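What follows is the residue order along each chain.
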Amino acid sequence: MPEMPEVQGLVDFLGERAVGRTITRTSVAAIAALKTYDPQITALHGATITASARRGKFIVLSFSDDLHLAFHLAKAGWLRWYETLPATLIKPGKTPIALRVALDDDSGFDLTEAGTKKSLAVYVVRDPDDVPGIARLGPDPLDESFTRDAFAALLEGRRTQIKGLLRDQAVIAGIGNAYSDEILHAARMSPYAIAATLDADDVDRLFAAMQSTLREAVAEASGKPPADLKDAKRRGMQVHARRGEACPVCGDTVRSVFFADRSLEYCPTCQTGGKPLADRRLSRLLK
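## Remarks on the state of the cysteines
Step number 1: Within the structure shown, the criterion is met by zero disulfides.
Step number 2: In this model Cys247 remains outside any disulfide bridge; the closest cysteine sulfur is found in Cys270, 3.7 Å from its own.
Step number 3: Exposure remark for Cys247: the relative accessible area of 4% places this residue in the buried category.
Step number 4: Cys270 takes part in no disulfide bond, and the closest cysteine sulfur to it belongs to Cys267, at a distance of 3.7 Å.

## Topic: the pattern of salt bridges
Pairing between side chains becomes possible if they bear opposite charge and their charged atoms approach one another.
Step number 1: Counted under the stated rule, the structure contains 16 salt bridges.
Step number 2: Between Lys233 and Glu6 there is a salt bridge, with the nearest N and O atoms lying 3.7 Å from each other. Separated by 227 residues along the polypeptide, Lys233 in helix α7 (residues 226-236) and Glu6 in helix α1 (residues 4-17) bring together distant segments of the chain. Each of the two residues, Lys233 as well as Glu6, counts as buried.
Step number 3: For Asp181, the salt bridge identified is with Lys163, shortest N-O distance 2.6 Å. Here Asp181 is found in helix α5 (residues 177-186), whereas its partner Lys163 is found in helix α4 (residues 162-167), with 18 residues between them in sequence.
Step number 4: What makes Asp181 buried here is its relative accessible area of 2%.
Step number 5: Residue Lys163 is classed as buried on the basis of its relative accessible area of 4%.
Step number 6: Several salt bridges converge on common partners, so that one network encompasses Arg17, Arg21, Glu83, Asp104 and Asp105.

## Some remarks on the nonpolar core
Step number 1: Core analysis: the biggest nonpolar cluster contains 33 residues, and Leu14, Phe63, Phe71 and Leu111 have the highest contact counts within it.
Step number 2: Taken together, the elements giving at least two residues each to this core come down to α1, β3 (58-64), β4 (67-72), β5 (77-82), β6 (97-103), β7 (108-113) and β8 (121-125).
Step number 3: Top contributing element to this core by residue count: α1, with five residues.
Step number 4: Dropping the residues within four chain positions of it, Leu111 is found in contact with Phe71, Leu73, Trp78, Leu79, Pro96, Ile97, Ala98, Leu99, Leu120 and Val122.

## Side note on the packing of α5 against helix α6 (residues 200-221)
Step number 1: Taken N-terminus to C-terminus, the directions of α5 and α6 make an angle of 130 degrees; their axes are 8 Å apart at the nearest point. Considering their axes alone, α5 and α6 lie oblique with respect to each other. The element α5 and its partner α6 pack so that their crossing is right-handed. Seen from α5, the contacting residues are Tyr179, Glu182, Ile183, Leu184 and Ala186; seen from α6, they are Leu206, Ala209, Met210, Thr213, Leu214 and Ala217.
Step number 2: Split into classes, the residues belonging to the contact of α5 with α6 amount to nine nonpolar, one polar and one charged.

## Looking at the sheet that holds β6
Step number 1: Spatially, β1-β6-β7-β5 is the arrangement adopted by the four strands of the open sheet, whose pairing is antiparallel. In the strand order of this sheet, the two ends are held by β1 (23-28) and β5, each with one partner. Direction aside, neighbouring strands of the sheet carry axes that sit 15 degrees apart on average.
Step number 2: Against the sheet, α1 makes contact with β5 and β7, and its axis sits at roughly 25 degrees relative to β5, the strand it touches most.

## Structural notes on α5
Step number 1: Across the 10 residues that make up α5, a large majority, nine, are buried.
Step number 2: Those residues of α5 that are buried lie in contact with α1, α4, α6, α7, β10 (263-266) and α8 (268-271).
Step number 3: The positive-phi residue at the C-terminal boundary of α5 is Arg188, with phi of around 55 degrees.

## Quick word on the side chain of Gln169
Step number 1: Among the secondary structure elements, Gln169 is positioned in the loop between α4 and α5.
Step number 2: Note on Gln169: relative accessible area 12%, which makes it buried.
Step number 3: One polar contact links the side chain of Gln169 to the main-chain carbonyl oxygen of Arg167, over a distance of 3.1 Å.
Step number 4: Those residues in contact with Gln169, other than ones at most four positions away along the chain, are Lys57, Arg136, Leu137, Gly138, Gly174 and Ile175.

Reading the values: rules and limits
- Residues numbered from 1 in each chain as written.
- Predicted model: local features only at pLDDT ≥ 70, side-chain atom pairs only at ≥ 80, totals over all residues.
- Heavy atoms only, no water.
- Disulfide = S-S within 2.5 Å.
- Buried < 20%, exposed > 50% of the residue type's maximum accessible area, 1.4 Å probe, protein only.
- Salt bridge = Lys/Arg side-chain N within 4 Å of Asp/Glu carboxyl O.
- Helix = DSSP H or I, 4+ residues; strand = E, 2+ residues; numbered from the N terminus.
- Core = buried A, V, L, I, M, F, W, Y, C linked by side-chain atoms within 4.5 Å.
- Contact = heavy atoms within 4.5 Å.
- Axes fitted to C-alpha atoms, helices over the stretch in contact; angles between N-to-C directions.
- Parallel < 35°, antiparallel > 145°, perpendicular 65-115°, else oblique.
- Left-handed = near helix turned anticlockwise from the far one by under 90°.
- Nonpolar A, V, L, I, M, F, W, Y, C, P; charged D, E, K, R; others polar.
- Pairing = 2+ DSSP bridges.
- Polar contact = N/O pair within 3.5 Å; in protein donor to acceptor, adjacent residues only side chain to side chain.

Shown next, in the form of structure tokens:
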């Protein structure tokens, strides 16, 4: 799933390559992906892109104060860029392409989604906050106003496992499964730790790990074209998706806990006092 660093990389790329260009046509290949009907997507035809921005994991292309194209790539979506857009017709139901956007210099992009579970979402709106997922977003962890004390206030009183809290977009915007694993590893903290029980030193360590992990990942993604962003993300991971490999910090074996549709990865030595975590169904550490 694209998370904040990769989405920011896409936003920066579109800012350099698409801002200033005019949309000549759009082709919707997955009708279910288009979540709005007013304004119609044809309102984008002839409109010039004036800005590219990120809101959590959403990408927002603006055309004016009251016309925006917002999209969320979900778990298996991606943006495929073309310097020269293919002339082939898109056949709905026969392609992973959900939306094709053509620009006035013959370039353009596709929004694609792999797999059978379709969650990619596209919105044409007058205000980005008209998108429900954007309206409910919590603060951006890299915003200057998001201080250590602001973070501590979010944690206070929450009887929630810290892994789930970091992934909750209504609490903190932009962090998903992969980077929550990485942040917790950098903070040397169990994913099952309860947010409300963290002391001041824990909060300091977790906030610093969140800032450094995300800033380094954003810097790594900066300047890369869409085709290179996924590999850059994989290379930067210390524990996520590295089950069975050696932890780069201590050399212990990276372990996994499996859920219905995802897993988490962690290092027992670095994060759980050397104890393997129980299967999530047990909801406790193995004794």
